[in-house]
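Each chain, written out:
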Amino acid sequence: MGGAAVSTLDTVGAVLFVGWTVAMWLAVVVLAYANRGPVRPWLYKTAVGLIGLGVVGQLGHFQEHVSQAGYWVANPYSPAWMTPWAMSLARGMGQIDSTKPALGMEILHLTGNFIFLAGLVGIVLITKRATGHLKSRKWAKMGVWMQTIHGIEHIVLTASVALGASRAIGLSTWFGAIEPGPALVTYRVWWHFVANLIGSGILAVSLYHLWKEKRAVKNGYAEVQPEEKPADIPSCDLFPVSEEDAVRSPALANRS
């Protein structure tokens, strides 16, 4: 973080970003629970909003990794680089423990990945009530599994720094075996870029199929109207029962 002073904007941005993440996961819990019961009017719209926020979050997250990879191409021997807005958020988050300069950056990437994961879970939840085999649900489940693994990687990276490790420990640092320098920067930048490229591709395919299958998904949230009661049987004086019919059907005999 370079020891730069933390501004009010840095702090506010960090609080809002963490709040965004927490709000999305609260929505996931509420939707998962409510989907077990009868259809409610707000379920569909809430799930759509959750997915939309996940997509917006991942667009911002992925552009950060694209920018880092692009900077590496131009400066392969330079330290890892972050965009100004990412640096601002990282400074704000780093106030949790200012003695660990890398902690803010790790928390930032951790929250970014969990926003993405919440959006993928939103697709799984919104397709739960639809009948038939949906490709959008299949692809979203694939994305959830992959992003969960990626999320665990970021939990390990963040926890290792928070617990006092001299460098982040995880798959993207070869468990701390790679010494700080160009080799570590190269490996980590491209590891996370590829992981996010694949994850974003899976999200895009899932959204494409969700758009094509939107009618089936909406139908799953249509409120079932109560069936109309059958009309009362007309009185027997309008439809008299003959003796012959009464002999064949005792039930008809009871009506007469």
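The rules behind the values
What you see as residue numbers is a count from 1 along each chain, following the sequence as written. Where totals are concerned, whole chains, interfaces and linings use all residues; where local detail is concerned, this predicted model gives features only for residues with pLDDT of at least 70, and gives and counts side-chain atom pairs only at 80 or more. Only hydrogens and water are set aside when side-chain values are computed; all heavy atoms of the structure are taken into account. Under the DSSP-based scheme used, a helix requires at least four consecutive residues in state H or I and a strand at least two consecutive residues in state E, with every element numbered from the N terminus. Each residue's exposure class comes from its accessible area (1.4 Å probe, protein chains only) as a fraction of the maximum for that residue type: buried when under 20%, exposed when over 50%, partly exposed otherwise. Working rule for contacts: check all heavy atoms of both residues, and any pair within 4.5 Å makes them a contact. Per-residue and other accessible areas follow the Shrake-Rupley method at a 1.4 Å probe size, with only the shown protein chains counted as cover for residues. Lining residues are those with an atom within 4 Å of a point, where the points come from a 1 Å grid over the protein atoms alone and group into cavities, where a 1.4 Å probe fits but cannot get out, or pockets, open sets with protein on both sides within 12 Å along at least five of seven lines. Grid points are joined across faces, edges and corners, and a volume is the space filled by probe spheres set on the points. Gly falls in the polar group here, along with every residue not listed as nonpolar (Ala, Val, Leu, Ile, Met, Phe, Trp, Tyr, Cys, Pro) or charged (Asp, Glu, Lys, Arg). Note on definitions: angles span 0 to 180 degrees between N-to-C directions of axes, and those axes are lines fitted to C-alpha atoms, for helices only across the stretch in contact. Each angle gets one of four labels, with under 35 degrees taken as roughly parallel, over 145 as roughly antiparallel, 65 to 115 as roughly perpendicular, and the rest as oblique. Two helices that cross are described as forming a left-handed crossing if the nearer one is turned anticlockwise from the farther one by less than a right angle, and a right-handed crossing if clockwise. Take the number of residues in a helix, subtract one, and multiply by 1.5 Å to get its expected span. In summary, the pairing rule links any two rings of Phe, Tyr or Trp, Trp by its six-membered ring, whose centres are within 6.5 Å, and it sorts them by plane angle into stacked for under 30 degrees, edge-to-face for over 60 and tilted for everything else. Consider the ring centre and the ring normal. A charge sits over the ring if Lys NZ or Arg CZ is within 6 Å of that centre and within 35 degrees of that normal.

Trainee: Quick one: what's the story with the overall build of the protein chain, residue by residue and with numbers?
Mentor: In terms of helices and strands, the protein chain carries 9 helices and 0 strands. Starting at the N terminus and walking to the C terminus, you meet the elements of the protein chain as α-α-α-α-α-α-α-α-α. Expressed as a percentage of the 256 residues in the protein chain, the buried residues total 39%. Pairs at least 24 apart in sequence give 68% of the contacts found in the protein chain among residues at least 6 apart. Entry remark: accessible area of the protein chain is about 14,800 Å², with carbon and sulfur atoms responsible for 69%.

Trainee: A description of the layout of surface pockets should follow, citing residues and the corresponding values.
Mentor: The calculated volume of the largest pocket comes to roughly 750 Å³. Forming the boundary of the largest pocket are 29 residues, of which Ala80, Ala102, Met105, Glu106 and Arg188 lie nearest the centre. Ranked by residue count, the leading element in the lining of the largest pocket is helix H6 (residues 182-212), at 6 residues. Tallied by class, residues from the lining of the largest pocket come to 17 nonpolar, 8 polar and 4 charged.

Trainee: Describe the packing of helix H1 (residues 8-34) against helix H3 (residues 84-93), and please don't skip the residues or the numbers.
Mentor: Orientation of H1 relative to H3, taken along the N-to-C sense of each, is 85°, at an axis distance of 7 Å. If you check the angle between H1 and H3, you find them roughly perpendicular. Of H3, the residues touching H1 (which contributes Asp10, Thr11, Gly13, Ala14, Phe17 and Val18) are Ser88, Leu89, Arg91, Gly92 and Met93. Counted by class, the contact of H1 with H3 contains 5 nonpolar, 4 polar and 2 charged residues.

Trainee: Describe in detail empty space enclosed by the protein, supporting the description with residues and values.
Mentor: Per the counting criterion, the structure on display carries 1 cavity of 30 Å³ or more. By volume, the largest cavity amounts to about 50 Å³. Around the largest cavity, the lining residues are Gln68, Tyr71, Trp72, Asn75, Ser78, Pro79, Ala80, Trp81, Val185 and Val189. Only helix H2 (41-74) and H6 provide two or more residues apiece to the lining of the largest cavity. Here the lining of the largest cavity gets 3 residues from one element, more than from any other, and that element is H2.

Trainee: Report on the packing of helix H4 (residues 103-126) against helix H5 (residues 135-162), specifying residues and quantitative values.
Mentor: Relative to each other, H4 and H5 sit at 160°, their axes nearing to 8 Å. With respect to H5, the axis of H4 lies roughly antiparallel. Classified by chirality, the crossing of H5 by H4 is left-handed. Residues that form the contact of H4 with H5 fall into these classes: 16 nonpolar, 10 polar and 3 charged.

Trainee: Break down H1 for me, with residues and values.
Mentor: Here H1 spans 38 Å end to end across 27 residues, near enough to the 39 Å set by a 1.5 Å rise per residue. When H1 is considered as a whole, its buried residues turn out to be Asp10, Ala14, Phe17, Thr21, Met24, Ala27, Val28, Leu31 and Ala34. Residues of H1 that are buried in the fold lie against H2, H3 and H4.

Trainee: Report on the packing of aromatic side chains, specifying residues and quantitative values.
Mentor: Tallied over the entire structure, the rule returns 9 aromatic pairs. An angle of 90° between the planes, with centres 5.7 Å apart, marks the rings of Trp72 and Trp190 as edge-to-face. Of this pair, Trp72 sits in helix H2 while Trp190 sits in helix H6, placing them 118 residues apart in sequence. The class for Trp72 is partly exposed, based on a relative accessible area of 21%. Ring centres of Trp174 and Phe175 lie 6.5 Å apart, and the angle between their planes is 55°; on these two criteria the pair is classed as tilted. In this structure, Trp174 and Phe175 share a single accessibility class: exposed. Put simply, the rings of Phe62, Trp72, Trp190 and Phe193 pair up and form one aromatic cluster. Above the plane of the ring of Trp211 lies Lys214, whose end atom (NZ or CZ) is 3.9 Å from the centre.

So yeah, pure geometry; function would need other evidence.
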